[in-house]
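As a plain string of letters, each chain reads:
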Amino acid sequence: MANLPDSMQQQINARKEILNAIKEELVERLELEFEPEDIDDDTFLFGGGLQLDSIDSMEIIIGMQSRFDVMIPEDDVSSLRTINTLADFVQNEQLSA
Amino acid sequence: MATTTPQTWTSPLAHFSSDLTTIDDCRIANVYSDTDAEYNAIRESVAISDNCHYGKFVVRGADAQDAVNLVVLADVARLAIGRATWTFLLRSDGSLICDAYVLCTGDDYIILTEGASPETVREHLTGAMEEHAASVEDITTTTAIIAIDGPYAWELLKQLVGVRILGLRYLEFIDDQKLGDNDVRIIRSGKTGEFGYQLLMDAKHVTSVWSHLVEGGAELDVAPAGAEVLSLCRMENRFINMHREGADARNPLEINCRVMIDEEKDEFIGYEALEEATQSPLERRVIGIVVEGDASQVPSLGAEVKVEDEVLGRVVNSGFSRQLGKPIALAALDAEVAYVGLTLAVAAGESMLDCKTVSAPFIYNKSLTVRPQEDSYKTRKA
């Protein structure tokens, strides 16, 4: 276990919390055949990875709004790429709120 | 087995370049003329590439499905005819031999591999056939592959083989398409993050098909792209490079490929090691880093990544992102710290440079905003 500065450990803990909530939301809402812990943070949502399709993207947007009270614009394709890009969007919105 | 691939061989397309490199025992183009032009073709228009270095195998016989399932991570029993999957071949210790596309034709399975010599893959496949009514044929040198990548890759194929290409979904393939007088099998796949297709054909016809693509794509500014630029594009989009992070990983979990494991499949080479790994805390994980400050310093493979004096891991792949204008790298870090948003330090030459952990992929792809039913290269926006 790495010996990290406290501020960095807090940063990691905050990120983990968001990532876990995103994974839980996607698994429940999209009825994925994975457990949240089976999904890596850099897993792609479409194409390979979770193999979601364009219909699922609307469900993801609704899910993020429901879970975090943030609204991903429909044309913001760069946020809808991986679990981590979703987390980037959520964190940025929370910081600017 | 009808044929075997010689230990080192030369792609039938190699004569188009004077700068060759050897990948998986095959000499192919590293650079054609100008890496800027090659990169721009992939990211802005259409690039064609020589993928003849892939290992290529046909597995056939009554037990072909079971035999293939024994050697790949994915469950090919789930594959419909006309569909492909992207997966790994593992060693018994769970480490990765190579990645592979597996195509289900209905009559047999075609396996296209990258990351190991055809001889290594053939021996691995042949060993798995021993207890099955199945045989493996090495078609590496008799079958050629040309890749087409770019935001307008679909437009080139639409012009040459027809509108049907627009209906081809990711990892689907269609047979008996004509390019000139030549039959090709077209797979929707790629490792650049842009629209991508791979064309399989008899190696005797590959030069003719290549010329056909160059001539047919003149108005789309088609350009050939070599291995150097393709490797960068692969990293920018976080496709696994089996010669870098894939070779370094002890199992697929370390390279963020946990969802590729089929929970219901329990008989394949590497299963026991992978089962043990999935039930233990992950020790390290690969994450992207962007180097801040000095744009000329690309971290070397093996360079330490630190916070204060604590070594957190090492660089397993690196390059200079042309789109970001910054050095990028993949680092295998202690899994407890492999999270996005951290400011760390990476060794580059004699100095330690600030770097930031970032989400996959590194870049934005133009293909995300191109709509094949409506758009065209000619009328594209800047």
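Residues numbered from 1 in each chain as written. Chains lettered and ligands numbered in written order. Predicted model: local features only at pLDDT ≥ 70, side-chain atom pairs only at ≥ 80, totals over all residues.

### Some words on the domain arrangement of chain B
Interface size, as often reported, equals the accessible area lost upon joining of the parts. Residue and element names in this part refer to chain B. Where we set the bar: Each domain's extent is set by a domain assignment, obtained either automatically or from a database. Once C-beta atoms are placed from the backbone, any two residues with those atoms within 7 Å are in contact. Each residue is assigned to one of three groups, with Ala, Val, Leu, Ile, Met, Phe, Trp, Tyr, Cys and Pro labelled nonpolar, Asp, Glu, Lys and Arg labelled charged, and all others, Gly among them, labelled polar.
For chain B, the assigned domains read domain 1 (9–232) and domain 2 (282–361). Just the C-alpha atoms count here: the centres of domain 1 and domain 2 sit 31 Å apart. Opposite the four residues of domain 1 that make contact, domain 2 presents four residues. Of the residues belonging to the side of domain 1 that touches domain 2, the class tally is two nonpolar, one polar and one charged.

### Overview of the interface of chain A and chain B
The condition that has to hold: In DSSP terms, a helix is any run of H or I states spanning at least four residues, a strand is any run of E spanning at least two, and both are numbered starting from the N terminus.
Contact residues are listed per partner, giving 27 residues for chain A and 22 residues for chain B. Of all the secondary structure elements, the ones that give two or more residues to the side of chain A that touches chain B are α1 (6–29) and α3 (83–96) of chain A. Of the residues assigned to the side of chain A that touches chain B, the class counts are 11 nonpolar, 10 polar and six charged.

### Details of unusual backbone geometry
Heads up, the rule is: Three exposure classes are used, based on other C-beta atoms lying within 10 Å of a residue's own C-beta, which is placed from the backbone: buried for 20 or more, exposed for 12 or fewer, and partly exposed in between.
For the bond from A360 of chain B to P361 of chain B, the omega torsion is -10 degrees, close enough to zero to count as cis. Here P361 of chain B lies in the segment after β20 (351–358). Positive phi, close to 60 degrees, is recorded for D69 of chain A, a residue that is not glycine. Looking at the secondary structure, you find D69 of chain A in the loop between α2 (54–68) and α3. Overall, the presence of 11 C-beta atoms within 10 Å leaves D69 of chain A in the exposed class. Residue L171 of chain B is not a glycine yet carries a positive backbone phi of 65 degrees.

### Quick look at the sheet that holds strand β5 (residues 55–60) of chain B
All names here are of chain B. Quick reminder of the rule: Two strands are counted as paired when DSSP detects at least two bridges linking them. Lines are fitted to the C-alpha atoms to define the axes, a helix being fitted only along its stretch in contact, and any angle between axes, read from their N-to-C directions, falls within 0 to 180 degrees.
Strands sit in the order β6-β7-β8-β5-β9 across an open sheet of five strands; the sheet is antiparallel. Each edge of the open sheet is held by one strand with a lone partner, namely β6 (83–90) and β9 (135–138). Within this sheet the neighbouring strands show an average axis-to-axis angle of 25 degrees, counted without direction. In terms of strand pairing, β5 meets β9 through four bridges, oriented antiparallel. The residue bridging V59 from the neighbouring strand is V136, located in β9.

### Side note on the nonpolar core
All names here are of chain B. This is how it is decided: A set of buried residues drawn from Ala, Val, Leu, Ile, Met, Phe, Trp, Tyr and Cys, joined through C-beta atoms within 7 Å, is what defines a nonpolar core.
The biggest cluster of nonpolar side chains holds 143 residues, and the ones touching the most others in it are V102, I146 and A331. If you tally residues by element for this core, the top one is strand β7 (residues 96–104), at eight residues. Viewed by domain, this core spans two of them, domain 1 (9–232) and domain 2 (282–361), each represented by three or more residues. Filtering out sequence-adjacent residues up to four positions away, A331 remains in contact with V286, I287, I289, V305, G313, R314, V315 and V316.

### Section: the confidence of the model for chain A
Interpretation of this model should avoid reading the predicted coordinates in detail wherever pLDDT is low. Put simply, the test is: What pLDDT conveys is the predictor's confidence in a given residue, as a value from 0 to 100.
Of all residues in chain A, 100% attain a pLDDT of 70 or more, and the chain-wide mean is 95. Here α2 of chain A stands out as the element of chain A with the lowest mean pLDDT, 95, in contrast to α1 of chain A, whose mean of 97 is the highest.

### Some details on the sheet that holds strand β10 (residues 143–149) of chain B
All names here are of chain B. Taking strand neighbours across the sheet as the criterion, the six strands line up as β11-β12-β13-β10-β4-β14 in an open arrangement whose pairing is mixed. In the strand order of this sheet, the two ends are held by β11 (173–179) and β14 (223–224), each with one partner. Judged from the seven bridges that link them, β10 and strand β13 (residues 196–202) form a sheet pairing that is antiparallel. Each residue of the ladder has a partner; that of I146, found in β13, is L199.

### Quick notes on the packing of α1 of chain A against α2 of chain A
All names here are of chain A. Selection criterion: Here the angle decides the label: under 35 degrees means roughly parallel, over 145 means roughly antiparallel, 65 to 115 means roughly perpendicular, and every other value means oblique. Crossing handedness is read from the near helix: turned anticlockwise from the far helix by less than a right angle, it gives a left-handed crossing, and turned clockwise, a right-handed one.
It is the contact of α1 with α2, at a shortest axis distance of 10 Å, that shows an interaxial angle of 130 degrees. Judged by the inter-axis angle, α1 sits oblique to α2. For the crossing formed where α1 meets α2, the hand is right-handed. Residues A21, E25, L26 and R29 of α1 touch α2, and the partners they reach there are E59, I60, G63 and R67.

### Quick word on the pairing of strand β8 (residues 109–114) of chain B
All names here are of chain B. Extensive coverage of β8 is indicated by the burial of six of its six residues. Alternating positions in β8 separate into two faces, Y109, I111 and T113 on one and I110, L112 and E114 on the other, with burial throughout. As paired elements, β5 and β8 share five bridges and run antiparallel to each other. Paired with F57 across the bridge in β8 is I111. Looking at chain direction, β7 and β8 are connected through six bridges and run antiparallel. Along β8, the bridge assignment pairs A100 with T113. Counting the residues that bridge the hairpin from β7 to β8 gives four residues, and of these G106 lies at a positive phi of roughly 100 degrees.

### Some remarks on α3 of chain A
All names here are of chain A. Stated formally: Multiplying 1.5 Å by the helix residue count minus one yields the expected span of that helix.
Between its first and last C-alpha, α3 extends 20 Å over 14 residues, near the 20 Å set by a 1.5 Å rise per residue. Looking only at α3, the buried set comprises I83, N84, T85, L86, A87, D88, F89 and V90. Elements in contact with the buried residues of α3: α1 and α2.

### Details of the packing of α1 of chain A against α3 of chain A
Residue and element names in this part refer to chain A. Interhelical geometry of α1 versus α3 gives an angle of 120 degrees and a closest axis separation of 10 Å. What the angle tells us is that α1 and α3 run oblique. Relative to α3, the crossing made by α1 is right-handed. Contacts between α1 and α3 involve R15, I18, L19, I22 and K23 from the first element and I83, L86, A87, V90 and Q91 from the second. Considering only residue class, the contact of α1 with α3 consists of seven nonpolar, one polar and two charged.

### Section: helix α1 (residues 35–44) of chain B
Residues E38, Y39, A41, I42 and R43 of chain B constitute the buried set of α1 of chain B. As for α1 of chain B, its buried residues are in contact with β4 (47–50), β10, β14 and α6 (227–236) of chain B.

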